[in-house]
Amino acid sequence: MLDPRLLRTELDEVAMHLARRGLVLDQARIEDLERERKQRQVEVESLRGERNSRSKAIGKVKGAGGDIAPLLAEVADLGARLATAETRLDAIQGELEQIGLELPNLPDPSVPDGRDERDNREERRWGEPPSFSFEPRDHVDLGAFNGWMDFDLAAKVTGSRFVVLSGPLARLHRALIQFMLDTHTEEHGYKEVYVPYLVNTDSLLGTGQLPKFAADLFKVPGERDFYLIPTAEVPVTNLVRDLILDEGELPRKWVAHTPCFRSEAGSYGKDTRGMIRQHQFEKVELVQVVRPRESLQALEALTGHAETILQRLGLAYRVVSLCAGDLGFGASKTYDLEVWLPGQQTYREISSCSTYSDFQARRLQARWRNSETGKPELVHTLNGSGLAVGRTLVAILENYQKADGRIQLPEVLRPYLGGQEVLG
RNA sequence: GGAGAGGUGGCUGAGCGGUCGAAAGCGGCGGUCUUGAAAACCGUUGACUCGCAAGGGUCCGGGGGUUCGAAUCCCUCCCUCUCCGCCA
């Protein structure tokens, strides 16, 4: 959510920033609503002020044993007048609130201009895509060849866009998770947390998935509706919802491994082959809660933490700064990490690292007490994949394949796989 | 699934329908004392919002109701805790 004060006082500027995202703000409508809101609010508050002082006076008279009947007559219609005024004010406020909840965050000034992914700016590359003396296969062929990956079985058990991994590949999958968690906790200063995979609507409103993106979520109806998490960002970031943190408690840095569930509504034709786009996948997620002045710096650091995993695994990748038009709803700045996939002869997203500035914090009411001002202020929140495990598995298979279809293992994973050098 | 208790400020925890935005304690901040610190003592300390200010308004789990007036009464929903049962 944007700062409502900005919306009131700097609407032109807000519109300008949102225009970078390709969003046309209906300024006239907001101004009209705002004007009426102000008028109604003044009306309601003066009526309430009158009611309060009258009631207090009645209380005093009654306490002193006086006759309150004439006073009661004077305020006879006050309640009704107040009620109608309040109803009108509520309607306008509700409308403004709805608009506010569906407005995306403002892009950081350092974010490149542009409309879509074609305008994203490549920041740097690391590593060389491997060259093969044979025609490299993609992960689907490799998985099937070794008998480790079965989409038909998953389709029987559940449906499309799920997978069954077995034997050595299932173990490699688990090893990747362990490796990532160990690296982030032991070397990057994150605290590991285990969190619920089902969350309530408050949490999803807090991080911005609701109300706008309900179609992307799996809902679990019940006495009380829950949703399967689309990312650990939701339960982990919500750890600070409704808190006022002491300055000494910042920054908070958490890492969590969770499954993620996405309905992938609206992407029916995309990446239908293989493990790239599934309804269920594992992710190791990094979350930081920081003081506002530190958030851009923290984004660089967090991105670096995710990069470390790719580097240790020896996977070639590039870092892309998303342009304003390609930014996610709540992000003010995002770096995507894209790993080289020989099967597709291209770089594919494997991590997305973002700062949300105070956008999520405002919805979450996540604050810290500034020791200089003594006042509570909104924190900044960040998160990034470190990394998407399924896609990392794909990258290992494709980049480390040998001519005979077997998979060489990166050094760092071997301790997690009983010292094997080759998978299986 | 059965039985009960409870949701109040950063935290713990009081609160006859009227002067309660709310006692007290803790914590925080400032000070006295001290070479410094601790302890002790004194003072101070909710959040949000409108306003240049004075000042106004809102907030005691959410929503609705009764009333001139609700933290306090009624309805309803949600949540938390305890005991029993079942269970990974």
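Here, residues in each chain are numbered from 1, in the same order as that chain's written sequence. Chains carry letters and ligands carry numbers; both start at the beginning, A for chains and 1 for ligands, and go up in the order they are written. With pLDDT at 70 or above as the cut-off, local features in this predicted model cover only qualifying residues; side-chain atom pairs require 80 or more to be listed or tallied, and sums for whole chains, interfaces and linings still use all residues. Heavy atoms from the whole structure form the basis of all side-chain values; hydrogens and water molecules are not counted.

### Section: the overall build of chain A
Piece 1. Helix and strand assignments come from DSSP, with helices taken as H or I runs of at least 4 residues and strands as E runs of at least 2, each series counted from the N terminus. Counting secondary structure elements, chain A contains 13 helices and 16 strands.
Piece 2. Overall size of chain A, expressed as C-alpha extent along the three principal axes, is 100 × 45 × 45 Å.
Piece 3. Note on classification: 1.4 Å probe, protein chains only; a residue is buried when its accessible area is under 20% of the maximum for its type, exposed when over 50%, partly exposed between these limits. Relative to its 424 residues, chain A shows a buried fraction of 48%.
Piece 4. Throughout, a contact is declared for two residues whenever any of their heavy atoms are within 4.5 Å. For chain A, restricting intrachain contacts to residue pairs at least 6 apart in sequence, the fraction spanning at least 24 positions comes to 73%.
Piece 5. Here the open area of atoms and residues is found with the Shrake-Rupley method and a 1.4 Å probe, where only the protein chains shown may cover a residue. Accessible surface for chain A amounts to roughly 20,400 Å². Of this, 49% is attributable to carbon and sulfur atoms.

### Focus on a negative patch on the surface
Piece 1. Each patch groups residues whose relative accessible area exceeds 30% and which form no salt bridge, using 9 Å between like charges and 5 Å between nonpolar side chains of Val, Leu, Ile, Met, Phe, Trp and Tyr. Here, a salt bridge means any Lys or Arg side-chain nitrogen found within 4 Å of an Asp or Glu carboxyl oxygen. Residues scored as positive are Lys and Arg, those scored as negative are Asp and Glu, and His as well as the terminal groups of each chain are ignored. Lysine's charge is taken at NZ, arginine's at CZ, aspartate's at CG and glutamate's at CD. Where like charges cluster on the molecular surface, the negative patch consists of Glu-10, Asp-12, Glu-13 and Glu-31.
Piece 2. In this fold, Glu-31 is placed in helix α3 (residues 27-63).
Piece 3. Judged by its relative accessible area of 36%, Glu-31 falls in the partly exposed class.

### What to know about the pairing of strand β12 (residues 333-341)
Within a regular strand, side chains alternate between the sheet's two faces.
Piece 1. Within β12, nine of the nine residues are buried, which leaves it mostly tucked inside the rest of the structure.
Piece 2. Alternating positions in β12 separate into two faces, Lys-333, Tyr-335, Leu-337, Val-339 and Leu-341 on one and Thr-334, Asp-336, Glu-338 and Trp-340 on the other, with burial throughout.
Piece 3. For two strands to count as paired, DSSP must find a minimum of two bridges between them. Examined bridge by bridge, β12 and strand β13 (residues 346-355) share nine bridges and lie antiparallel to one another. Note that in β13 the partner of Leu-337 across the bridge is Ser-351.
Piece 4. Linkage of β12 to β13, two consecutive antiparallel strands, is achieved through a turn of four residues, within which Gln-345 is found at a positive phi near 55°.

### Quick word on the nonpolar core
Piece 1. Residues Leu-169, Leu-172, Leu-176 and Ile-396 are the most contacted members of the largest nonpolar core, which totals 49 residues.
Piece 2. With eight residues, the top contributor of residues to this core is helix α8 (residues 167-187).
Piece 3. Setting aside its immediate chain neighbours within four residues, Leu-176 contacts Leu-313, Val-389, Thr-392, Leu-393, Ile-396 and Leu-413. Grouping buried Ala, Val, Leu, Ile, Met, Phe, Trp, Tyr and Cys residues that are joined through side-chain atoms within 4.5 Å yields what is termed a nonpolar core.

### Concerning the layout of surface pockets
Piece 1. There is about 340 Å³ of room inside the second largest pocket.
Piece 2. Method remark: on a 1 Å grid restricted to protein atoms, a set of points is classed as a cavity if a 1.4 Å probe fits but cannot get out and as a pocket if it is open with protein on both sides within 12 Å along at least five of seven lines; lining residues have an atom within 4 Å of a point. Around the second largest pocket sit 13 residues that line it, and Pro-4, Arg-8, Gln-93, Leu-96 and Glu-97 are the ones nearest its centre.
Piece 3. Taken together, the elements giving at least two residues each to the lining of the second largest pocket come down to α1 (4-9), α3 and α5 (78-101).
Piece 4. Among the elements that line the lining of the second largest pocket, the one with the most residues is α5, at five residues. Grid points are joined across faces, edges and corners, and a volume is the space filled by probe spheres set on the points.

### A short note on the environment of Pro-129
Piece 1. Note on placement: Pro-129 falls in the loop between β1 (121-126) and α6 (139-146).
Piece 2. You can call Pro-129 partly exposed: its relative accessible area is 29%.
Piece 3. In sequence terms Pro-129 and Val-339 are 210 residues apart; their C-alpha atoms lie 9.3 Å from each other.

### Quick word on the sheet that holds strand β10 (residues 280-290)
Piece 1. Strand order in the open sheet made by the eight strands is β1-β11-β12-β13-β16-β10-β9-β4, with mixed pairing throughout. Each end of this open sheet is capped by a strand with a single partner; those strands are β1 and β4 (191-192).
Piece 2. For helices, the fitted axis covers only the stretch in contact; all axes are lines through C-alpha atoms, and the angles between them, taken along N-to-C directions, range from 0 to 180 degrees. Lying over the sheet, helix α11 (residues 295-312) contacts β1, β9 (252-261), β10, β11 (317-321), β12, β13 and β16 (380-388), oriented at roughly 10° with respect to β16.
Piece 3. Here helix α13 (residues 389-399) sits on the sheet in contact with β10, β12, β13 and β16, set at roughly 35° to β16.

### A few points about the packing of aromatic side chains
Piece 1. Planes of paired rings set the category: under 30 degrees apart is stacked, over 60 is edge-to-face and the rest tilted, where pairs are Phe, Tyr or Trp rings (Trp by its six-membered ring) whose centres lie within 6.5 Å. If you walk through the whole model with that rule in mind, you get seven aromatic pairs.
Piece 2. Summarising the aromatic geometry, the rings of Phe-213 and Phe-329 are spaced 5.2 Å apart at their centres and angled 75° between planes, so their arrangement reads as edge-to-face. Taken together, the residues span a long stretch of sequence, with Phe-213 in the loop between α9 (201-207) and β6 (219-220) and Phe-329 in the loop between β11 and β12 at a distance of 116 residues.
Piece 3. What makes Phe-213 partly exposed here is its relative accessible area of 29%.
Piece 4. Taken together, the aromatic side chains of Phe-213, Phe-329 and Phe-359 make up a single cluster linked through ring pairs.

### Concerning the sheet that holds strand β8 (residues 244-246)
Piece 1. If you walk across this open sheet you meet the three strands as β8-β14-β15, and the pairing is mixed. One side of each edge strand has no neighbouring strand; the edge strands of this open sheet are β8 and β15 (376-378). When the angles between neighbouring strand axes are averaged without regard to direction, this sheet yields 40°.
Piece 2. Pairing between strand β14 (residues 367-369) and β15: three bridges, direction antiparallel. Within the sheet, the bridge partner assigned to Arg-367 lies in β15 and is Leu-378.

That's the geometry; what it means functionally is another story.
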